[in-house]
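Breakdown of the fold
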Amino acid sequence: MKVFDPDHAKGDWWFHFKKAGFISGLFICSGLIGLIHAIAPFFLPEFLTLAHQRIRKELDRNEH
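This write-up is about the structure you can find in this document.

Each value, and the rule that gives it
Residues numbered from 1 in each chain as written. Predicted model: local features only at pLDDT ≥ 70, side-chain atom pairs only at ≥ 80, totals over all residues. Heavy atoms only, no water. Helix = DSSP H or I, 4+ residues; strand = E, 2+ residues; numbered from the N terminus. Expected span 1.5 Å × (residues − 1). Buried < 20%, exposed > 50% of the residue type's maximum accessible area, 1.4 Å probe, protein only. Arc of directions from axis to C-beta. Contact = heavy atoms within 4.5 Å.

**Some points on helix α2 (residues 47–60)**
- The first and last C-alpha atoms of α2 sit 20 Å apart over 14 residues, in line with the 20 Å expected at 1.5 Å per residue.
- Those residues of α2 that sit buried are A51, I55 and E58. Along the axis of α2, the buried positions cluster into a sector of 60°, meaning they face one direction only. For α2, the exposed residues set more than 90 degrees away from the buried face come down to L50, H52, K57 and D60.
- In this structure, the buried side of α2 is in contact with α1 (13–39).

As structure tokens, then:
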């Protein structure tokens, strides 16, 4: 894993910013709901499985 790569997302910064922000938002929201589910397991029992599938789908999309 590289910590700094000056050639990463070169030339299409805006698209990369939007996609990375969207995926990060999915992770953050899913994590918060997952914490609620950990306290109250009856709340949205299939949510984390569906969130995992959605995040995987977004990561597998090869648009650029």
